[in-house]
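# Breakdown of the fold
So the chains spell out like this:
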Amino acid sequence: MEKVLRSIKRNWLLGMRIQYEVLKEQRAEYGEQVIKKLATDLVKRYGRGFS
């Protein structure tokens with residue numbers, strides 16, 4: 001159960017990061033540029049597997 005809760009929290013935190021750091025709280029289409037930047041940032045922070 002603890003592992004599931006950690007996964008939920010991690011996913012929530014990633015969603016918040018997308019909203020505030022990548023999209024700057026604006027509504028935006030998920031374009032190729034946004035996804036590439038997010039993938040690069042996630043690899044730097046969490047390692048491979050976020051591309």
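First things first, this report covers the structure right here in the doc. (Residues numbered from 1 in each chain as written. Predicted model: local features only at pLDDT ≥ 70, side-chain atom pairs only at ≥ 80, totals over all residues. Heavy atoms only, no water.)

All right, on to the overall build of the protein then. Counting its secondary structure elements, the protein contains 2 helices and 0 strands. Evaluated residue by residue, the protein yields a buried proportion of 20% over its 51 residues. Roughly 4800 Å² of accessible area belongs to the protein as shown, and the carbon and sulfur atoms make up 53% of that amount. (Helix = DSSP H or I, 4+ residues; strand = E, 2+ residues; numbered from the N terminus. Buried < 20%, exposed > 50% of the residue type's maximum accessible area, 1.4 Å probe, protein only. Areas by Shrake-Rupley, 256 points an atom, 1.4 Å probe, with all protein chains shown as cover.)

Turning our eyes to something else, we now look at the nonpolar core. One finds Leu 14, Ile 18, Val 22, Leu 23, Val 34, Leu 38 and Leu 42 forming the largest nonpolar core, which totals 7 residues. If you list the elements that add at least two residues to this core, you get α1 (2-22) and α2 (32-46). (Core = buried A, V, L, I, M, F, W, Y, C linked by side-chain atoms within 4.5 Å.)

This next bit is on the pattern of salt bridges. Tallied over the full model, the rule gives 2 salt bridges. In this structure, the salt-bridge partner of Asp 41 is Arg 17, at a minimum N-O distance of 3.9 Å. Here the residue Asp 41 occupies a position in helix α2, and Arg 17 occupies one in helix α1, the gap between them amounting to 24 residues. Asp 41 sits in the buried class, given a relative accessible area of 16%. Since its relative accessible area comes to 13%, Arg 17 is described here as buried. Among the ionic pairs, Lys 37 bridges to Asp 41, the shortest N-O distance being 2.9 Å. Linking Lys 37 with Asp 41, this pair stays in helix α2, spanning 4 residues, or about one helical turn. (Salt bridge = Lys/Arg side-chain N within 4 Å of Asp/Glu carboxyl O.)

Attention shifts here to a nonpolar patch on the surface. Taken together, the side chains of Met 1, Val 4, Leu 5 and Ile 8 define a hydrophobic patch exposed on the protein surface, amounting to about 450 Å² of accessible area. Residue position: Leu 5 is located in helix α1. (Patch = residues over 30% accessible without salt bridge, like charges linked within 9 Å, V, L, I, M, F, W, Y side chains within 5 Å.)

What follows deals with α1. Its 21 residues place the ends of α1 29 Å apart at the C-alpha level, agreeing with the 30 Å of an ideal helix rising 1.5 Å per residue. Backbone geometry just after α1 places Lys 24 at a positive phi near 55°. (Expected span 1.5 Å × (residues − 1).)

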